[in-house]
Amino acid sequence: MRTELVINWDHYEEHLDEAAFLWSQWEQALVAPDQVASEVADTEERLFARLDALVLGGAPVTERLLLPALESEELERVTAATYALLSQEVPGGAELVRAVLDTATPPTLAAVQRALEVSEKGALLAWLPGLLELEAPALQALALDVLCFQGRNTGVALARLLKHEEPRVVAAALRLSARVNHRLERDFLERVLASPSPAVRDAAIEAGLLGNHRVAWLMCRAVVEGRAPQLRFPALLLALGGNEQDLSLLRRLLSVPEHRPDALWALGFSGLPACADACLEWMEDDEVAHLAAEAFCSITGLRLEGRFVDSPEDEGDVLVALEEEELDADLSSKPEDALPYPRAAVVAAWWEEERHKRFSPGQRYLYGRPFSPEWLLEVLERAPMRQRHALALDVALRSRGLLRIPTRTFTHHAQAALLAARSAAMSRLSRSFSEGLHT
């Protein structure tokens, strides 16, 4: 007598729904200002449990749930399904993912790319480099960015794609060249540094700095000094590696409303008491007070809680006249929305007392302690997720790419990299990356 296997589809649909939800929660956690790595690891554990359940469902779940999910308008659902299909326990899953790329919309491609980046299975690499040979810029850029994320070289293809006519391909190729320490010729670097595309320019700056090219640092300064559009990344670099003169450029940027948020974000990584002063001045501005407080605390180590936090009035009962509503306003949540607002006067009183007691002008501080390589790595382990990416960038640049802490993937990878970094010579991190650059 033959017994048919009965599948409880409600359970598997719940697994997929929860996997999509948890993936969304995880992505938000990676940039959250109020979560640390140990808390994010808990979300990851729950996410893995749901994904594993989908994989164990075998071919029936693949056909009925995972494949249709690749066409979902819910992008987290696409990413979760892609990740499950890439598992080695799903026969042919990687090929099924490859089959959808040619007709996928740009948002779907981005969702699939995210799963490819963080996948811990090697099967997908069989066809990934082949995308570089296609006449499809979107797929070429996707492949370059995935290979960059995983630190894999492309050899001859990289040199060719660096000269591509499509800016997004060039930017992706530059990011990969920075990741694998591909040497860039000075003349070519100067051309891409002058690109009108901010993405190409920023990727060229990072690649140039990792390659010891002073011209990249000069461009970084010029972008901030000239108040060019989309200068968040150059501003951050100037804060991480600049001297007092460089940091004065950032402080002057605070006078420009459209650049003020980026300037405050960058100043938080400068470490100088004078930059903490500059941040304090903006703590009474309703638009950026939370950003100013975040930057101030990154320098001084103040924990913004208790008496230092402002308690905003309940605005739930306040009705706004229809003609006064900003109907085109962006209502989507941002990571910084979770930041607390400071009581500026209380913070200022604390700073007046603490500054002269334990802060010296010209000394760089990180969370209230004098900067040191050892302290940088310790902070990286327990800093808010939102800030870890910038701190990891500082480590990579200081070590000229030899030490990399992956902060945009599952947390156990960062923990392993931090352990390895602590065993390396701290002299690799003792000098600012802007020092010793070639002309």
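Higher on the page you've got the structure.
Reference entry: report on the structure contained in this document. (Residues numbered from 1 in each chain as written. Predicted model: local features only at pLDDT ≥ 70, side-chain atom pairs only at ≥ 80, totals over all residues. Heavy atoms only, no water.)

**As for the overall build of the chain**
Rules: What counts as a helix is a DSSP run of H or I of at least four residues, what counts as a strand is a run of E of at least two, and both are numbered from the N terminus. With a 1.4 Å probe rolled over the protein chains alone, any residue whose accessible area is under 20% of its type maximum counts as buried; one over 50% counts as exposed, and the rest are partly exposed. Contacts: residue pairs with any heavy atoms within 4.5 Å of one another. Charged residues are defined here as Lys and Arg on the positive side and Asp and Glu on the negative side; His and the ends of the chain fall outside this count. Charge positions come from single atoms, namely NZ of Lys, CZ of Arg, CG of Asp or CD of Glu.
A count of helical and extended segments in the chain gives 21 helices and 2 strands. Its C-alpha atoms put the chain at 85 × 60 × 55 Å along the principal axes. Out of the 439 residues in the chain, the part that is buried amounts to 52%. Look at the contacts in the chain between residues 6 or more apart in sequence, and 69% of them connect residues 24 or more apart. Counting 44 positive and 67 negative side-chain charges, the chain places the averaged centre of each group 11 Å from the other.

**As for the packing of helix 16 (residues 273-280) against helix 17 (residues 289-300)**
To keep things clear, this is the line we draw: Helix axes use the C-alpha atoms of the stretch in contact, all axes being lines fitted to C-alpha atoms, and the angles between their N-to-C directions lie in the range 0 to 180 degrees. Between 65 and 115 degrees an angle is taken as roughly perpendicular, under 35 as roughly parallel, over 145 as roughly antiparallel, and anywhere else as oblique. By convention the crossing between two helices is left-handed if the near helix lies anticlockwise of the far one by an angle smaller than a right angle, and right-handed if it lies clockwise. Following the grouping adopted for this structure description, the nonpolar residues are Ala, Val, Leu, Ile, Met, Phe, Trp, Tyr, Cys and Pro, the charged ones are Asp, Glu, Lys and Arg, and the polar ones are all others, Gly among them.
Across the interface, helix 16 lies against helix 17 with an axial gap of 8 Å and an inter-helix angle of 155°. Between helix 16 and helix 17, the angle falls in the class roughly antiparallel. Remark: the crossing between helix 16 and helix 17 carries left-handed chirality. Where helix 16 abuts helix 17, its residues Cys275, Ala276, Cys279 and Leu280 lie against Ala292, Ala295, Phe296, Ile299 and Thr300. Among the residues forming the contact of helix 16 with helix 17, the class breakdown is 8 nonpolar, 1 polar and no charged.

**Points about the packing of aromatic side chains**
Condition: Pairs were defined over the aromatic rings of Phe, Tyr and Trp, the Trp ring being its six-membered one, requiring ring centres within 6.5 Å. Orientation was assigned from the angle between planes: stacked under 30 degrees, edge-to-face over 60, tilted for the rest. Only when the NZ atom of a Lys or the CZ atom of an Arg is both within 6 Å of the ring centre and within 35 degrees of the ring normal do we say a charge sits over the ring.
Applying the stated criterion across every chain, the model contains 14 aromatic pairs. Note on Trp23 and Phe410: the rings are 6.4 Å apart at their centroids and 80° apart in plane angle, and the pair reads as edge-to-face. One end of the pair, Trp23, is in helix 1 (residues 9-29); the other, Phe410, is in the loop between helix 20 (385-398) and helix 21 (411-422), and 387 residues separate them in sequence. Like Phe410, Trp23 is buried. Here the aromatic residues Trp23, Trp26, Phe48, Tyr83 and Phe410 are joined through ring pairs into a cluster of three or more. A cation over a ring is seen here: Arg364 above Phe371, with NZ or CZ 4.5 Å from the ring centre. In this structure, Arg369 is placed above the aromatic ring of Trp375, and the distance from its NZ or CZ to the ring centre is 3.7 Å.

**Concerning the nonpolar core**
Our working rule: Nonpolar core, defined: a set of buried Ala, Val, Leu, Ile, Met, Phe, Trp, Tyr and Cys residues in which side-chain atoms within 4.5 Å join the residues together.
Among the nonpolar cores identified, the biggest contains 153 residues, and Leu174, Leu250 and Phe296 are the most heavily contacted of them. Once residues within four sequence positions are removed from consideration, Leu174 is found in contact with Leu162, Leu184, Phe188, Val192, Val200, Ala203, Ala204 and Ala207.

**Topic: unusual backbone geometry**
Residue Asn212 is not a glycine yet carries a positive backbone phi of 70°. Along the chain, Asn212 falls in the loop between helix 11 (198-210) and helix 12 (214-225). The phi dihedral of Gln230 is positive, around 50°, even though this residue is not glycine. Secondary-structure assignment places Gln230 in the loop between helix 12 and helix 13 (232-241).

**Looking at the environment of Phe233**
Tracing the backbone shows Phe233 in helix 13. In this structure the C-alpha to C-alpha distance between Phe233 and Glu206, which are 27 residues apart in sequence, comes to 9.4 Å. With residues up to four places along the chain from it excluded, the contact list for Phe233 reads Asp202, Glu206 and Leu393.

**Section: the pattern of salt bridges**
The condition is simple: Basic side-chain nitrogens of Lys or Arg form a salt bridge, by our definition, when they fall within 4 Å of a carboxyl oxygen of Asp or Glu.
Overall, the coordinates contain 24 salt bridges when judged by the stated rule. Between Arg168 and Glu166 there is a salt bridge, with the nearest N and O atoms lying 3.4 Å from each other. Residue classification places Arg168 among the partly exposed residues on the basis of a relative accessible area of 43%. Taking relative accessible area as the criterion, Glu166 reaches 27% and is therefore assigned partly exposed. Note that Arg364 and Asp394 form a salt bridge whose closest N and O atoms lie 3.6 Å from each other.

**Details of the environment of Ala421**
If you trace the backbone, Ala421 turns up in helix 21. Sequence separation of Ala421 and Ser24 is 397 residues, and the distance between their C-alpha atoms is 30 Å. Non-local contacts of Ala421, meaning those with residues more than four positions away in its chain, are made with Leu377, Leu403, Ile405 and Met426.

**Some points on the side chain of His389**
As a reminder of what qualifies: We define a polar contact as two N or O atoms separated by no more than 3.5 Å, with the added condition that, inside protein, one atom must be a possible hydrogen donor and the other a possible acceptor, whereas residues neighbouring each other in sequence contribute only through side-chain atom pairs.
Within the element layout of this structure, His389 appears in helix 20. Judged by relative accessible area, which is 12%, His389 ranks as buried. In terms of polar contacts, His389 uses its side chain to reach the side chain of Thr407, at 2.8 Å. Setting aside anything within four residues of it in sequence, one finds His389 in contact with Leu30, Val31, Thr407 and Arg408.

**Thoughts on helix 11**
Residues lying three or four places apart along an α-helix face the same way, a consequence of the helix completing one turn every 3.6 residues. Stated formally: To estimate the expected span of a helix, count its residues, drop one, and scale the result by 1.5 Å.
For helix 11, spanning 13 residues, the distance from its first C-alpha to its last is 18 Å, which sits close to the expected 18 Å at 1.5 Å a residue. Three or more residues of helix 11 are buried, namely Val200, Arg201, Asp202, Ala203, Ala204, Ile205, Ala207, Gly208, Leu209 and Leu210. Buried positions along helix 11 lie against helix 9 (167-179), helix 10 (186-193), helix 12, helix 13 and helix 20. Once helix 11 finishes, Asn212 follows within two positions and takes phi at roughly 70°, a positive value.

**Focus on the state of the cysteines**
Put simply, the test is: The disulfide criterion is simple: two cysteine sulfur atoms within 2.5 Å.
Overall, the coordinates contain 0 disulfides when judged by the stated rule. Of the cysteine sulfurs around Cys275, a residue in no disulfide, the closest is that of Cys279, at 6.9 Å. For Cys275, a relative accessible area of 0% gives the class buried.

**Things to note about the environment of Val347**
Mapped onto the secondary structure, Val347 falls in helix 18 (residues 344-358). Sequence-wise, Val347 and Gly368 are 21 residues apart; in three dimensions their C-alpha atoms are separated by 14 Å. Excluding anything up to four places from it in sequence, Val347 contacts Leu280, Met283, Phe296, Leu302, Leu304, Phe308 and Pro342.

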